[in-house]
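# Tertiary structure, described
One-letter residues, chain by chain:
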Amino acid sequence: MRIDVVTIFPQMFSGPLDVSLIKRARAAGLAKINIYNLRDFTADRHQTVDDRPYGGGAGMIFKPEPVYRAIKYLSRNKIRPANRRIIYLSPQGRVFNQSIARRLAKYQQLILICGHYEGVDERVLDWVDEEISIGDYVLTGGELPALVLIDCVVRQIPGVVAKKESVQNDSFSQEYLLDWPQYTRPPVYQGRKVPAVLLSGNHQKIEEWRRQEAIRATRKKRPDLYRQWLERKKKC
Ligand SMILES: C[S@@+](CC[C@H](N)C(=O)[O-])C[C@H]1O[C@@H](n2cnc3c(N)ncnc32)[C@H](O)[C@@H]1O
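Before going into details, it helps to say that this report is about the structure given with it. The structure presented is a predicted model; accordingly, all values stated were derived computationally and were not measured. (Residues numbered from 1 in each chain as written. Predicted model: local features only at pLDDT ≥ 70, side-chain atom pairs only at ≥ 80, totals over all residues. Heavy atoms only, no water.)

Assigned secondary structure in the chain consists of eight helices and nine strands. Expressed along its principal axes, the backbone C-alpha trace of the chain runs to roughly 70 × 40 × 40 Å. Looking at the chain residue by residue over its 236 residues, the buried ones come to 42%. Long-range pairs, those at least 24 residues apart, make up 74% of the contacts in the chain between residues at least 6 apart in sequence. Carbon and sulfur atoms form 51% of the exposed surface of the chain, whose accessible area is close to 14500 Å². Taken together, the 40 basic and 26 acidic charged side chains of the chain have centroids lying 8 Å from each other. (Helix = DSSP H or I, 4+ residues; strand = E, 2+ residues; numbered from the N terminus. Buried < 20%, exposed > 50% of the residue type's maximum accessible area, 1.4 Å probe, protein only. Contact = heavy atoms within 4.5 Å. Areas by Shrake-Rupley, 256 points an atom, 1.4 Å probe, with all protein chains shown as cover. Lys, Arg positive; Asp, Glu negative; His and termini not counted. Charge placed at Lys NZ, Arg CZ, Asp CG, Glu CD.)

Okay, here's the thing in structure tokens:
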């Protein structure tokens with residue numbers, strides 16, 4: 001998979017993309033991540049990316065031309081349009097979740113447009129396939145949302161997480177339940193014991209316990225997800 005990011009702050013990406021799992025995925029060639037400076041797609045001497053909004057009001061917005069040129073440039077390759085997804089990170093978009101990440105991981109190329117200031121000229125939305133938000137709050141720019149999306153999508157690429165069960169068992173994966181509680185050594189700490197079943201060596205019992213605990217955790221921590229799970233179960 002290839003992920004191309006368009007931003008006015010490329011420096012925000014060094015660090016998060018150079019450590020841990022993402023670093024390994026890039027080194028193994030499983031995820032090719034390129035960061036582009038929107039200013040490189042401007043045509044004037046000052047590399048202007050923003051301008052005042054028509055009608056007045058506070059703040060500046062991205063001009064349409066550099067964004068259009070960036071999208072055109074990054075779409076000029078052999079990847080079929082159906083295998084490419086152009087995304088504008090926006091608080092007005094669909095709220096990101098695990099199933100969106102799984103869906104996006106199937107594309108060959110993602111182009112991520114990071115807004116800044118008051119956002120982008122509305123015409124930019126005609127050239128993007130979807131708007132994605134990382135939650136109902138407003139951040140200064142689309143860079144942190146892009147990093148969140150990249151991290152989550154790259155985890156879904158086959159081969160990135162060495163044991164595929166890790167991803168399959170993550171929260172929001174199995175039946176959209178939360179993950180079950182996990183314990184490691186020592187078996188007793190500060191008087192608190194690891195549940196006996198986990199030390200029993202009985203794999204069937206452990207599986208059953210984990211499923212029940214995943215249901216219990218979901219019911220307690222995310223009653224909204226639990227209700228959806230119950231609904232889906234009823235329909236099956
Ligand atoms: C200050 S925000 C602009 C918000 C815009 N005036 C509005 O209210 O919809 C600047 C940029 O940050 C990004 N951004 C802010 N919050 C976001 C969120 N929750 N999810 C995704 N992107 C976000 C977008 O790219 C946006 O263009």
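Still to come is the rest of the account.
Taken together, five strands build an open sheet; the order of strands is E2-E1-E6-E5-E7 and the sheet is parallel. Edge positions in the open sheet fall to strand E2 (32–37) and strand E7 (130–133), since each of these has one partner strand only. Between one strand and the next, the sheet's axes are offset by a mean angle of 30°, whatever the strand orientation. With six bridges joining them, strand E1 (residues 2–7) and E2 adopt parallel strand pairing. Counted as the bridge partner of Val5 is Ile35 from E2. Relative to strand E6 (residues 109–114), helix H4 (residues 143–156) is tilted by about 160°, and along the sheet it contacts E1, E2, strand E5 (84–95), E6 and E7. (Pairing = 2+ DSSP bridges. Axes fitted to C-alpha atoms, helices over the stretch in contact; angles between N-to-C directions.)

Our focus in this paragraph is helix H1 (residues 20–27). Here H1 has its buried residues at Leu21, Ile22 and Ala25. With its buried residues spanning 100° around the axis, H1 presents them on a single face. Across H1 from its buried face, at more than 90 degrees, point the exposed residues Arg24 and Ala27. Where H1 is buried, its residues contact E2 and H4. (Arc of directions from axis to C-beta.)

Mapped onto the elements, Ser173 comes out in the loop between helix H5 (164–169) and strand E8 (188–189). Apart from the residues within four sequence positions on either side, Ser173 is in contact with Gln98, Arg102, Val167 and Gln168.

It is worth spelling out the packing of aromatic side chains at this point. Overall, the coordinates contain six aromatic pairs when judged by the stated rule. Arranged with centres 6.3 Å apart and planes meeting at 75°, the rings of Tyr36 and Tyr73 form a pair that is edge-to-face. Remark: Tyr73 occurs in helix H2 (residues 64–75) and Tyr36 occurs in strand E2; sequence separation between them is 37 residues. Overall, the relative accessible area of 44% leaves Tyr73 in the partly exposed class. The structure contains a cluster of three or more aromatic residues connected by ring pairs, namely Tyr36, Phe41 and Tyr73. (Phe/Tyr/Trp six-rings, centres within 6.5 Å; stacked < 30°, edge-to-face > 60°.)

On the surface, Met12, Tyr137, Leu139 and Leu144 cluster together into a nonpolar patch covering about 350 Å² of accessible area. Within the secondary structure layout, Met12 lies in the loop between E1 and H1. (Patch = residues over 30% accessible without salt bridge, like charges linked within 9 Å, V, L, I, M, F, W, Y side chains within 5 Å. Salt bridge = Lys/Arg side-chain N within 4 Å of Asp/Glu carboxyl O.)

With 19 residues, helix H7 (residues 203–221) ought to run about 27 Å at 1.5 Å a step, and its terminal C-alpha atoms sit 26 Å apart, in line with that. Within the sequence span of H7, burial applies to Ile206, Trp209, Glu213, Ala214, Ile215, Ala217 and Thr218. Of the surrounding elements, those touching the buried residues of H7 are helix H6 (196–199) and helix H8 (223–235). For H7, the N-terminal cap is Asn202; the gap from its side-chain oxygen to the backbone nitrogen of Gln204 is 3.2 Å. (Expected span 1.5 Å × (residues − 1). Polar contact = N/O pair within 3.5 Å; in protein donor to acceptor, adjacent residues only side chain to side chain.)

Our next topic: unusual backbone geometry. Residue Pro186 follows Arg185 across a cis peptide bond; omega there is 5°. Structurally, Pro186 is set in the loop between H5 and E8. One non-glycine residue with positive phi stands out, namely Gln47, at about 50°. When you line up the elements, Gln47 lands in the loop between E2 and strand E3 (50–51). Accessibility expressed as a relative area gives 33% for Gln47, which makes it partly exposed.

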